[in-house]
Amino acid sequence: MGKKGQTTEAAPGVMMAAPAAEMDVATGLVQLTGLVQAIYTRVSERHDLTPVQAKLLCVLLGGPRGMADLARCFGVEKAALTGLMDRAERRGLAQRTPVPGDRRALQATLTEEGRAAATAFHAEVSAELAHLTAPLAPADSEQFRATMAGIIQRCRAAAGPGPC
């Protein structure tokens with residue numbers, strides 16, 4: 001690290017501006033996003049999943065979801081989600097089942113193998129991500145958690161129904 005404007009590699013493919021004390025919030029958020037995505041991708045690969053498949057499994061850990069709801073969650077058209085579900089079904093990770101009370105609608109659910117894969121992935125990615133905040137003092141960690149939760153809550157409330 002050195003003069004303002006210089007960069008160093010924080011993780012493979014993730015550049016950090018130096019010095020951190022001069023970093024603005026937007027730059028910090030972008031760089032933190034890069035660190036989180038790098039960890040998510042690395043753990044996904046270790047579980048023989050793409051990051052999108054890992055997200056699908058983690059979303060479905062919360063219970064069955066309608067296909068239209070999942071398409072909104074992923075920000076894709078139903079056709080793209082259909083392809084993702086086709087691949088998950090071929091691997092035995094998820095299945096489409098009828099929605100009770102609506103013969104035309106389908107919902108996505110995890111299979112037992114999918115639930116096991118999602119649980120294992122979620123545990124490992126959570127542990128890896130925890131390393132990012134491990135050096136923080138307990139009060140700083142709680143402040144970071146509360147601030148992050150507040151930002152997420154406000155953004156979701158402003159956006160209305162949509163991304164998960």
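Residues numbered from 1 in each chain as written. Predicted model: local features only at pLDDT ≥ 70, side-chain atom pairs only at ≥ 80, totals over all residues. Heavy atoms only, no water.

Engineer: I keep staring at the overall build of the chain and nothing clicks. Help me out?
Structural biologist: Within the chain, the secondary structure is distributed over 6 helices and 5 strands. Seen in sequence order, the chain has helices and strands lined up from the N terminus as β-β-α-α-β-α-α-β-β-α-α. Within the chain, the proportion of its 164 residues that are buried is 25%. Counting contacts in the chain only where the partners sit at least 6 residues apart, residues at least 24 apart contribute 43% of the total. Here the chain displays about 10400 Å² of accessible surface, and carbon together with sulfur accounts for 59% of that area. (Helix = DSSP H or I, 4+ residues; strand = E, 2+ residues; numbered from the N terminus. Buried < 20%, exposed > 50% of the residue type's maximum accessible area, 1.4 Å probe, protein only. Contact = heavy atoms within 4.5 Å. Areas by Shrake-Rupley, 256 points an atom, 1.4 Å probe, with all protein chains shown as cover.)

Engineer: Even after reading the chapter, I still don't get a nonpolar patch on the surface, so can you show me in this structure?
Structural biologist: Taken together, the side chains of L32, V36, L132, L136, F144, M148 and I152 define a hydrophobic patch exposed on the protein surface, amounting to about 500 Å² of accessible area. Elements that contribute at least two residues to the nonpolar patch include exactly α1 (25-46) and α6 (138-159). When residues in the nonpolar patch are grouped by element, the largest group, 3 residues, is from α6. For F144, a relative accessible area of 34% gives the class partly exposed. (Patch = residues over 30% accessible without salt bridge, like charges linked within 9 Å, V, L, I, M, F, W, Y side chains within 5 Å. Salt bridge = Lys/Arg side-chain N within 4 Å of Asp/Glu carboxyl O.)

Engineer: In this structure, what is going on with the nonpolar core? I would like to understand it.
Structural biologist: Generally speaking, nonpolar side chains in soluble globular proteins are found buried as a group. With 24 residues, the main nonpolar core has L56, L60 and L70 as its most contacted residues. If you list the elements that add at least two residues to this core, you get α1, α2 (51-60), α3 (67-74), α4 (78-90), β5 (102-110) and α5 (112-133). The residues contacting L70, other than those within four sequence positions of it, are L56, V59, L60, R65, L81 and A108. (Core = buried A, V, L, I, M, F, W, Y, C linked by side-chain atoms within 4.5 Å.)

Engineer: Explanation requested: the environment of R91 in the structure shown.
Structural biologist: Mapped onto the secondary structure, R91 falls in the loop between α4 and β4 (94-99). What makes R91 partly exposed here is its relative accessible area of 31%. Considering only alpha carbons, one finds R91 and G114, 23 residues apart in sequence, at a separation of 8.8 Å. Leave out the neighbours within four places in its chain, and R91 touches H47, D48, L49, Q53 and E113.

Engineer: How should I be thinking about the packing of aromatic side chains in this particular structure?
Structural biologist: Each aromatic ring pair is specified by the distance between its two centres and by the angle formed by the two planes. The full count for this structure, using the stated rule, is 1 aromatic pair. Seen in terms of ring centroids, Y40 and F121 are 5.1 Å apart; in terms of plane orientation they differ by 80°. Their pairing is edge-to-face. A residue pair is termed long-range when its members are at least 10 positions apart, and Y40 in helix α1 and F121 in helix α5 qualify at 81 residues. A relative accessible area of 22% places Y40 in the partly exposed class. Exposure remark for F121: the relative accessible area of 1% places this residue in the buried category. The residue whose ring lies beneath K55 is F74, and the NZ or CZ to ring-centre distance is 4.7 Å. (Phe/Tyr/Trp six-rings, centres within 6.5 Å; stacked < 30°, edge-to-face > 60°. Lys NZ or Arg CZ within 6 Å of the ring centre and 35° of its normal.)

Engineer: Please clarify how the packing of α1 against α5 should be interpreted in this entry.
Structural biologist: Helix-helix packing is described using two parameters, namely the angle between the two axes and the distance between the axes. The N-to-C vectors of α1 and α5 enclose an angle of 145°; their axes lie 10 Å apart at closest approach. Regarding α1 and α5, the two cross each other, and that crossing is right-handed. On α5, the residues touching L32, V36, I39, Y40, R42, V43, S44 and R46 of α1 are F121, E124, V125, E128, L129 and L132. Considering only residue class, the contact of α1 with α5 consists of 9 nonpolar, 1 polar and 4 charged. (Axes fitted to C-alpha atoms, helices over the stretch in contact; angles between N-to-C directions. Left-handed = near helix turned anticlockwise from the far one by under 90°. Nonpolar A, V, L, I, M, F, W, Y, C, P; charged D, E, K, R; others polar.)

Engineer: How should I be thinking about the pairing of β4 in this particular structure?
Structural biologist: Side chains on a regular strand alternate between the two faces of the sheet. Pairing between β4 and β5: 6 bridges, direction antiparallel. Across the sheet, V99 pairs through a bridge with D102, a residue of β5. Taking the residues between adjacent antiparallel strands as the criterion, β4 and β5 are bridged by 2 residues, where G101 takes a positive phi near 85°. (Pairing = 2+ DSSP bridges.)

Engineer: Please clarify how the sheet that holds strand β3 (residues 65-66) should be interpreted in this entry.
Structural biologist: Strand order in this open sheet of 3 strands is β3-β5-β4, and the pairing throughout is antiparallel. Edge positions in the open sheet fall to β3 and β4, since each of these has one partner strand only. Taken strand by strand, α4 contacts β4 and β5, and its axis lies near 120° from that of β4.

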